Amino acid sequence: MKRLLSSILLLSSVVAAASPTPDFTFKELGLVPMLHEGRIKPLDTFARIHLLAFYGRSKLPDQSAMQWLAELLFDESRAYDRRVFNVSDYAVVEALGLERTEGHKYSFYELTQGFQSQAETFSQLLNKKEEERTSVQNHMVEVYEKYLRYLEISRSFSVFLPQFEVSSPKLALALTVQPGERLSFRDLMKRKQFEEGIRRLVTSKGAGLTDDEKRELAELSIRYDRAQRDVQTEIFRIIPPQWQHASDLWLAPTALMGSGLGSPESTQYLNLWKGLYEAYHSGDGRKWNETSARILVESQQHAAKVISPWKIRLENAYNRFDFFTYSLALYIASFLALAFSWMIWPQALARWSFGLLAAGGVFHLAGMVMRVVIMGRPPVATLYESIIFVGLTAVVFGLVLERMRRNGLGTLIGAVSGAILQFMGTRYETSGDTMGMLVAVLNTNFWLATHVVTITIGYGSCFVGGVLGHVYLLSRIFKPKDQAKADEVSRNIVGVSLVSLFFTMFGTILGGIWADQSWGRFWGWDPKENGALWIVLWLLFLLHARLCGIVGKIGMAVGMVLTNVIVALAWFGVNLLNVGLHSYGFTSNIATNLALFCGAEILFSIVTYAMAKQKEQLLDKDESLRKGIVQT
Amino acid sequence: MIPLPEKAKKYVLFLAKTEIFTFAVFWLMCLTVAGTLAQRSMGLFRAQELFFSSFIYWVGYIPLPGGYTTMGVIFIGLLIKLLFDSTLKNGKLGIWITHVGALLLLLGGFLTAAFSQEGAMVIPPNQTVNFVNDYHKLELAVTDTSPADHDQVTAFGAGWLKPGSVMKAPVLPFEIEVVRYFKNVRFDRRNGMIAAAPDLRGFAANFELRGAPEAKEAEQNQAGALLRIRGAGAGKDGTYALFEEMPVRQTLEANGKTYALDLRRARTILPFKLHLIQFEKKMHPGTGMAKSYKSVVTLQDGGISQRALIQMNEPLRHRGYTFYQSSFIEHPAGDTTVLAVVKNAGRTFPYISSIIMCIGLLVHLMIQAPKLIRNRQGE
């Protein structure tokens, strides 16, 4: 590890680059296909998910994701100096011995110094298992892994770039190169004498060399070592499957060289990339744009067999339009319009809020449909997707309810649940590619389309019921005399709870049938299965308790509020147990948020239940008094 | 509707009261929560035994109803309600249909719990296997390897595996007594300083078995036993040590025949055989993430041998048995496939009952929907 770190400080390119001028365009390059995490995606997506992972957002204040990626690939020294790493945990900052910065951002160089000063600690940490480390230690390792990823991306083309230059004539002679000649690692590999020369000189401890020459030798040797390791860099898989080999494996430029799988076409393709590097360095916008256009054409031709260009374009559009953020904004606007409608211009604003909600729903749906088309599978297979889908379900419920009743309740439900869930979704995007590939057992469109969709609709419907429960309780407390309106909400609660029962129960049974089809048992008491069962049993309990009078209208409303808690536990909570087949998508900060949410809902239930009951008693007393007066 | 004698009516219908169901279903939820949380500390199998597949669950000295009891109460209540109670049927057709479906679902669950068999079939490449290993139960198998064309196996089931039990069989020239039995075992090389007892044979002569704490997941345990053999003749009688998946098979000779001793997962012999042609796993390109697993096998039954494919979400069904791709064991010479094998009498019930319940709830929603979500203008 120490060696790795000390070599990094020397990595910056020998040639200072010109900065790209405004006439550089990155659109074409963003459309170039590549293979990453098992999926063919445009370079733009690759850039965005990495920037999201490093920085927390998909663009920098002064750079787009593609601009950043180009800089990282072609101009390391600038990229290493840019504050791109978001380290928000102060404990990690302290552990690395770094200064606290505004915005929690650190550059690659700063982190290098941090890791270097704590090399001992890190080598110990890396030897431990994840469960044995504390959460701060896990964050530290996370930062380190991102750091290595950053390094790996930055070295993608290193073997092709002219990074070796020997200035001392004496050294040059010993290494059989021209002084001042700029050479790439690929060039040097063809000259066996260079490597042998370095080995020989290093073993003899630079006998007969001046101090300056020794320093240059040390630097060359470290560079050479590093470049040798760069051959293993394989994250940047831009070379489409080689036609003579029937495989679906794309190769990274460096790996192509190592594997000897190159072909005239791939060499030509790589030369284009080299041209791109030169254009970047010389600041030649015209050449850059021409070359990236040619790269796009060539790459699409080569990749035509494995992916059609329109899918890549579609994904690019999906990235650029950012439908889910728009829908989030629209939901919030809808909620605000609705809130104001309670104070001024009730009718006009209510109509506006409905329109905004519907518009948000359209964006939401459009994003969802695009994802389905791009991935060629049903909409829900990961935790992230379930959040987005439940949000959409709740919005659709809200819209339907609003169309039927026109009293603002539906809009409220849709806007609140849509906004909350879309916001949660944006928090999840930073964890990587949201369109990742699925493990073998999930690789079945039929069951994803039936079981998963049904159960998530059930979650959405439960969420709607929960919001209704809140509305009912609050209206009983603040408008205790408006019995008619409250009763209406109460009837809706029963209706929604039936719909929820319908979807969660069939979702659960379908899950069982999937399990029966796939691994031979209908039910295995796996935590996620049990979680789904909690919801079903809870709803059965509520509906039957209402039937035999164990709970009244207030109790039923409280029950629906608590349904939110149970859904949250079944949905996210069981993943925290880390056992069983379904424990996907675990992130440690879920635990805190989940506890906060459940605590708040339970507290809300207790307080509003007590208050609503008290108001009810007062009302009953009034009623009986009035009756008494009438009788006397 | 079946009419009931007036006297019995009160008591019988009590069981079908909605209140009883309400509390039972609430209790079942508590059990599910407890059983899920407990999995973290005690593993799935034991949590399931304790909370779900149990009649009574003890908290200290307080007996609480377990999963079987609770579901039994629900089942009986539901059955009585459907048979004898008229209140459910009047004008509530959808609800009635749904409850019939729920009853069938519970019945299916009962049949599965009572009669289903499951286990694993492990087939190394190019080999043929006709038995299924139980997931949990063990057996002690004594194999007479002397016949040229087959092995003569005498197996003693899990019930025998306790200290003091003596196993005898007419075909065996010796008897076997269980001296000690360990659910989970570890072994240490015997210390040279202490002379081993003279009657220790085979592995036991050099190693000592000791009990180890039980693993969290029951499948991770490696059971072991110390056995005393009598009647095999001098030099053969003595104490033998056995444990699961022993690298060296323990054998003894008696009456001129060689017998092998194995402590192994209980085997169920199938009336047909499976031969593994090839196990294949595919990765998503450029990642270590599995995309699919599949086993190409030949099914040999009644003189006919036919090719079949078993892969994720596509099991092989034959004579009431279903074979699922469950796992694999990697080996440079070819991977071994592990298939989950299930025979389940209640298998069709969830399918039927979900369709019935679906119809029932849809009927009910159609009847109720207009009442519940009334158009504002209509009020």
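The shown structure was predicted, so the numbers you read here are calculated from the model rather than taken from an experiment.

### What about the overall build of chain A?
The helix and strand inventory of chain A stands at 26 helices and six strands. Based on the C-alpha atoms only, the size of chain A along its principal axes is roughly 120 × 55 × 50 Å. Looking at chain A as a whole, 55% of its 632 residues are labelled buried. Long-range pairs, those at least 24 residues apart, make up 70% of the contacts in chain A between residues at least 6 apart in sequence.

### Quick notes on the domain arrangement of chain B
Reports often express the size of an interface as the amount of accessible area lost when the parts come together. Residue and element names in this part refer to chain B. On domain assignment, one finds that chain B holds domain 1 (6-116 + 347-378), domain 2 (117-127 + 270-343) and domain 3 (133-268). Computed from C-alpha atoms alone, the centre-to-centre distance between domain 1 and domain 3 is 46 Å. The junction of domain 1 with domain 3 conceals about 480 Å² of combined surface from both sides, 52% of it contributed by carbon and sulfur atoms. Along the contact surface separating domain 1 from domain 3 lie zero salt bridges. Here domain 1 is connected to domain 3 by zero residue pairs in polar contact (both at pLDDT 80 or more).

### Points about the interface of chain B and chain A
Tallying the contact residues gives 56 residues for chain B and 59 residues for chain A. In total, about 5100 Å² of surface goes out of reach between chain B and chain A, with carbon and sulfur atoms giving 68% of it. Remark: the boundary between chain B and chain A carries one salt bridge. The set of elements that each furnish at least two residues to the side of chain B that touches chain A consists of α2 (18-42), α3 (44-52), α5 (93-115), β14 (290-301) and α7 (349-372) of chain B. In terms of residue count, α2(B) provides more of the side of chain B that touches chain A than any other element does, 15 residues in total. Each residue belonging to the side of chain B that touches chain A can be placed in one class, and the counts come to 29 nonpolar, 16 polar and 11 charged.

### Some remarks on the domain arrangement of chain A
Parsing chain A into structural domains produces domain 1 (2-13 + 43-156), domain 2 (160-230), domain 3 (322-437) and domain 4 (444-632). On a C-alpha basis, the centroid separation for the pair domain 1 of chain A and domain 4 of chain A is 43 Å.

### Details of the packing of aromatic side chains
All names here are of chain A. Per the counting criterion, the structure on display carries 61 aromatic pairs over all chains. Measuring from ring centre to ring centre gives 5.4 Å for Phe 108 and Tyr 150, while their planes differ by 25 degrees; the resulting arrangement is stacked. Highlighted residues: Phe 108 in helix α7 (residues 108-117) and Tyr 150 in helix α9 (residues 135-154), separated in sequence by 42 residues. Assigned by exposure class, Phe 108 and Tyr 150 land together as buried. Members of the aromatic cluster, each reached through a chain of ring pairs, are Phe 24, Phe 26, Phe 46, Phe 74, Phe 157, Phe 236, Tyr 269, Trp 273, Tyr 277, Tyr 280 and Trp 288. The positively charged end of Arg 100 is found above the aromatic ring belonging to Tyr 90, 3.9 Å away from the centroid. Geometry around Tyr 55 places Lys 105 over its ring, the cationic atom sitting 4.9 Å from the centre.

### Observations concerning the pairing of strand β11 (residues 238-243) of chain B
All names here are of chain B. Burial analysis of β11 places six of its six residues in the buried class, which makes it a mostly covered element. The sheet contact formed by strand β10 (residues 224-230) and β11 spans six bridges and is antiparallel. Across the sheet, the residue bridging to Ala 225 is Leu 242, located in β11.

### A closer look at the environment of A:Ala279
Residue and element names in this part refer to chain A. Note that Ala 279 resides in helix α15 (residues 264-282). For Ala 279, a relative accessible area of 0% puts it in the buried group. Spatially, the C-alpha atom of Ala 279 lies 10.0 Å from that of Ser 292, the residues being 13 residues apart in sequence. When near neighbours in sequence (up to four residues on either side) are disregarded, Ala 279 contacts Phe 24, Asp 284, Lys 287 and Trp 288.

### Some thoughts on the confidence of the model for chain A
Residues and elements named next belong to chain A. Overall, the predicted model of chain A reaches an average pLDDT of 84, with 92% of residues at or above 70. Here helix α1 (residues 2-8) stands out as the least confident element of chain A, with mean pLDDT 59; helix α18 (residues 323-341) is the most confident, with 92. Contacts from residues 579-586, a stretch scored under 50 in pLDDT, to residues over four places away or in other chains number 21 contacts.

### Focus: a nonpolar patch on the surface
A cluster of nonpolar side chains, namely A:Ile332, A:Phe335, A:Leu336, A:Phe340, A:Trp342, A:Met343, A:Ile344 and A:Trp345, defines an oily patch on the protein surface of about 910 Å² accessible area. Judged by relative accessible area, which is 56%, A:Trp342 ranks as exposed.

### Concerning the packing of helix α8 (residues 119-126) of chain A against α9(A)
Residues and elements named next belong to chain A. Where α8 contacts α9, the two axes come as close as 11 Å, and the packing angle between them is 100 degrees. Classified by the angle their axes make, α8 and α9 are roughly perpendicular. Packed against α8, whose contacting residues are Phe 122, Leu 125 and Leu 126, the element α9 presents Gln 137, Met 140, Val 141 and Tyr 144 at the interface. For the contact of α8 with α9, the per-class residue count stands at six nonpolar, one polar and no charged.

### Considerations on the nonpolar core
All names here are of chain A. Of all hydrophobic cores here, the largest spans 102 residues; its most connected members are Leu 468, Ile 493, Ile 535, Trp 571 and Phe 572. Of all the elements, helix α22 (residues 445-478) adds the most residues to this core, at 15 residues. Tyr 106, Tyr 147, Leu 251 and Tyr 280 belong to the second largest nonpolar core, which has 91 residues in total.

### Observations regarding helix α23 (residues 483-519) of chain A
Residues and elements named next belong to chain A. Between its first and last C-alpha atoms α23 spans 52 Å; for 37 residues at 1.5 Å apiece the expected length is 54 Å, and the two agree. Where burial is concerned, most of α23 is hidden: 28 out of the 37 residues are buried. Note on α23: the residue one or two positions beyond its end, Gly 520, has a positive phi of about 90 degrees.

### Quick notes on the side chain of A:His470
All names here are of chain A. With respect to the helices, strands and loops of the structure, His 470 is situated in helix α22. On the basis of relative accessibility, which here comes to 17%, the residue His 470 falls in the buried class. For His 470, the side chain forms a polar contact with the main-chain oxygen of Gly 466, separated by 2.8 Å. Setting aside residues up to four positions removed in sequence, His 470 forms contacts with Val 561, Asn 564, Glu 601 and Phe 604.

### Remarks on the state of the cysteines
Residues and elements named next belong to chain A. Overall, the coordinates contain zero disulfides over all chains when judged by the stated rule. Here Cys 462 is not disulfide-linked; the sulfur of Cys 598 is the nearest cysteine sulfur, at 14 Å. Owing to a relative accessible area of 0%, Cys 462 belongs among the buried residues under this scheme. Owing to a relative accessible area of 9%, Cys 598 belongs among the buried residues under this scheme.

### Focus: unusual backbone geometry
Glycine aside, residues mostly have negative phi angles, and peptide bonds mostly take the trans form. Residues and elements named next belong to chain A. A positive phi angle is found at Glu 37, which is not glycine, with a value near 50 degrees. Within the fold, Glu 37 resides in the loop between β1 (33-36) and β2 (39-42). Even without being glycine, Arg 406 reaches a positive phi, approximately 50 degrees. Tracing the sequence through the fold places Arg 406 in the loop between α20 (383-405) and α21 (409-428). Residue class for Arg 406 comes out partly exposed when judged on its relative accessible area of 42%.

How each quantity is defined
Residues numbered from 1 in each chain as written. Chains lettered and ligands numbered in written order. Predicted model: local features only at pLDDT ≥ 70, side-chain atom pairs only at ≥ 80, totals over all residues. Heavy atoms only, no water. Helix = DSSP H or I, 4+ residues; strand = E, 2+ residues; numbered from the N terminus. Buried < 20%, exposed > 50% of the residue type's maximum accessible area, 1.4 Å probe, protein only. Contact = heavy atoms within 4.5 Å. Domains from an automatic or database assignment. Buried area = accessible area lost by both parts, 1.4 Å probe. Salt bridge = Lys/Arg side-chain N within 4 Å of Asp/Glu carboxyl O. Polar contact = N/O pair within 3.5 Å; in protein donor to acceptor, adjacent residues only side chain to side chain. Nonpolar A, V, L, I, M, F, W, Y, C, P; charged D, E, K, R; others polar. Phe/Tyr/Trp six-rings, centres within 6.5 Å; stacked < 30°, edge-to-face > 60°. Lys NZ or Arg CZ within 6 Å of the ring centre and 35° of its normal. Pairing = 2+ DSSP bridges. pLDDT = per-residue confidence, 0-100. Patch = residues over 30% accessible without salt bridge, like charges linked within 9 Å, V, L, I, M, F, W, Y side chains within 5 Å. Areas by Shrake-Rupley, 256 points an atom, 1.4 Å probe, with all protein chains shown as cover. Axes fitted to C-alpha atoms, helices over the stretch in contact; angles between N-to-C directions. Parallel < 35°, antiparallel > 145°, perpendicular 65-115°, else oblique. Core = buried A, V, L, I, M, F, W, Y, C linked by side-chain atoms within 4.5 Å. Expected span 1.5 Å × (residues − 1). Disulfide = S-S within 2.5 Å.

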